[in-house]
Amino acid sequence: MSVLANKVVFITGAARGIGAETARALAARGSKLVLTDVDAEPLRDLEAELGSDVALGIVADVRDLAAMQAAATAGIEKFGGLDLVLANAGIASYGSVLKVDPATFQRVLDVNLLGVFNTARATVPSLIERKGYILIVSSLAAYAACPGLAAYNASKAGVEQFANALRLEVTYQGVGVGSAHMAWIDTPLVQDAKADLGAFREMLGVMPGPFGRTMTVDQCVDAFVDGLEGRKRKVYVPRWVGAAGFLRGVLQSAVGDRAILKHVPRLLPKMDAEVEALGRSTSKRNVAH
């Protein structure tokens, strides 16, 4: 029997992509699931697919602490407590610092960074009771910045340090804390950016070595499930991202900047022009919420 059997897992950003596929993988291992998202229809569909004895779907915005606390309380009432948390909800904005819509930039920080705080604040008390574990989704972007994605880069660097600080606060209480760092994954976030922006597709093409490659969602799900099962301090998708973390000092140096800087004068203005033509600094899906 899997060590994840009968464990109660709280997942944010659960309606689509990595969140939904991780939920399915955990359900197959016998876990109970508390699933939150702002996207009501696919969340309800996933809850119905998994069954009410396995999954509880709750429409909640990670930016709203009271909503996250209510979701955690509902999950505890249904399943008895929370053993594991996957803080997965995240969005991105498009465009340079001088052209991105300021409200969209703020929203990325609120979802990606404040949302992780709200998730932890709502769930960690139950994790302390059950000596649980939280996996916070950061990114390769915490180590290597990308022009035109400043809000995403900043938020993912921020949540890595949030995870590091939280670990120091709760380890003595028996709670494990990990951060996950992925390269580009074929999620709705990346799919939408590719569909919206030719400059983004070109940016991936000029990134050095493996930095522009897109991994499958299944690869990410396997790593997340393994991380939750093993209460890992760091989860890397793929494994070479760990080396990027070790070498972040080089990646963030003048030497590390060279590979992408030569393409910025052409690609960044193109991205800004595409964003202006779209009339939005994020995907159409995010505008709806």
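Being a predicted model, the structure only gives us computed values, none of them experimental. (Residues numbered from 1 in each chain as written. Predicted model: local features only at pLDDT ≥ 70, side-chain atom pairs only at ≥ 80, totals over all residues. Heavy atoms only, no water.)

1. Considerations on the overall build of the protein
When helices and strands are counted, the protein shows 13 helices and nine strands. A compact globule built from 289 residues should have a C-alpha radius of gyration of about 19 Å, and the protein, at 19 Å, falls within 12% of that. Taken over the C-alpha atoms alone, the protein extends approximately 55 × 40 × 30 Å along its principal axes. When each of the 289 residues of the protein is scored for burial, the buried share is 54%. Only carbon and sulfur atoms are counted for the fraction: they give 56% of the accessible area of the protein, which is about 12,400 Å². Separation between the mean location of the 31 positive side-chain charges and that of the 29 negative ones in the protein comes to 6 Å. (Helix = DSSP H or I, 4+ residues; strand = E, 2+ residues; numbered from the N terminus. Rg over C-alpha atoms; globule rule 2.2 N^0.38 Å. Buried < 20%, exposed > 50% of the residue type's maximum accessible area, 1.4 Å probe, protein only. Areas by Shrake-Rupley, 256 points an atom, 1.4 Å probe, with all protein chains shown as cover. Lys, Arg positive; Asp, Glu negative; His and termini not counted. Charge placed at Lys NZ, Arg CZ, Asp CG, Glu CD.)

2. Quick word on a nonpolar patch on the surface
A grouping of Phe246, Leu247, Val250 and Val255 is seen on the molecular surface, where their side chains present a nonpolar patch of about 430 Å² in accessible area. Locating Val250 in the fold gives a position in helix α10 (residues 248–251). With a relative accessible area of 47%, Val250 lands in the partly exposed category. (Patch = residues over 30% accessible without salt bridge, like charges linked within 9 Å, V, L, I, M, F, W, Y side chains within 5 Å. Salt bridge = Lys/Arg side-chain N within 4 Å of Asp/Glu carboxyl O.)

3. Focus: helix α8 (residues 217–230)
For α8, built from 14 residues, the straight-helix expectation of 20 Å at 1.5 Å per residue is met to within 8% by its first-to-last C-alpha distance of 20 Å. Taken together, the buried positions of α8 are Val217, Cys220, Val221, Ala223, Phe224, Val225, Gly227 and Leu228. Note on α8: the residue one or two positions beyond its end, Arg231, has a positive phi of about 50°. (Expected span 1.5 Å × (residues − 1).)

4. Points about the environment of Leu33
Within the secondary structure, Leu33 sits in strand β2 (residues 32–37). Taking relative accessible area as the criterion, Leu33 reaches 0% and is therefore assigned buried. For Leu33 and Glu160, which are 127 residues apart along the polypeptide, the C-alpha to C-alpha distance reads 24 Å.

5. Structural notes on the pattern of salt bridges
In this structure the tally under the stated criterion is 13 salt bridges. The partner of Glu160 in a salt bridge is Arg248, with the nearest N and O atoms 2.9 Å apart. With Glu160 in helix α5 (residues 150–170) and Arg248 in helix α10, this residue pair connects regions lying 88 residues apart in the sequence. Residue classification places Arg248 among the partly exposed positions, given a relative accessible area of 28%. Each of Glu21, Arg24 and Glu49 takes part in a single network of salt bridges with overlapping partners.

6. Some details on the side chain of Thr119
Assignment of secondary structure puts Thr119 in helix α4 (residues 102–130). On the accessibility criterion, Thr119 (1% relative accessible area) is buried. Every residue in contact with Thr119, bar those within four places of it in the chain, is listed here: Phe10, Thr12, Val62, Met68, Val85 and Ala87. (Contact = heavy atoms within 4.5 Å.)

7. What about the packing of helix α7 (residues 198–206) against helix α12 (residues 264–278)?
As a packed pair, α7 and α12 sit with axes 8 Å apart at the nearest point and diverge in direction by 155°. The angle between α7 and α12 places the two elements in the roughly antiparallel class. Where α7 approaches α12, its residues Gly198, Ala199, Phe200, Glu202, Met203 and Val206 are matched on the opposing element by Arg266, Leu267, Lys270, Met271 and Glu274. Looking at the contact of α7 with α12 residue by residue, the classes come out as six nonpolar, one polar and four charged. (Axes fitted to C-alpha atoms, helices over the stretch in contact; angles between N-to-C directions. Parallel < 35°, antiparallel > 145°, perpendicular 65-115°, else oblique. Nonpolar A, V, L, I, M, F, W, Y, C, P; charged D, E, K, R; others polar.)

8. Some remarks on the UniProt feature "domain: Ketoreductase" (unreviewed entry) in the protein
Mapped onto this structure's residue numbering, the UniProt feature "domain: Ketoreductase" (unreviewed entry) falls at residues 7–187. For residues 7–187, helix accounts for 49% and strand for 18%, while the C-alpha atoms at its two ends are 26 Å apart. (UniProt positions renumbered as here; feature names shortened; annotations may be inferred.)

9. Regarding the sheet that holds strand β1 (residues 8–11)
In space, the seven strands of this open sheet follow the order β3-β2-β1-β4-β5-β6-β9, with parallel pairing throughout. Every interior strand has two partners, whereas the edge strands, β3 (55–59) and β9 (234–237), have only one. Between one strand and the next, the sheet's axes are offset by a mean angle of 15°, whatever the strand orientation. As paired strands, β2 and β3 are joined by five bridges and run parallel to one another. Across the sheet, Asp37 pairs through a bridge with Val59, a residue of β3. Contacts between helix α3 (residues 65–79) and the sheet are confined to β1, β2 and β3, with β3 contributing the most and set at about 160° to the helix. Strand contacts of α4: β1, β4 (84–87) and β5 (133–137), with the helix running at about 170° to β4, the strand carrying the most contacts. (Pairing = 2+ DSSP bridges.)

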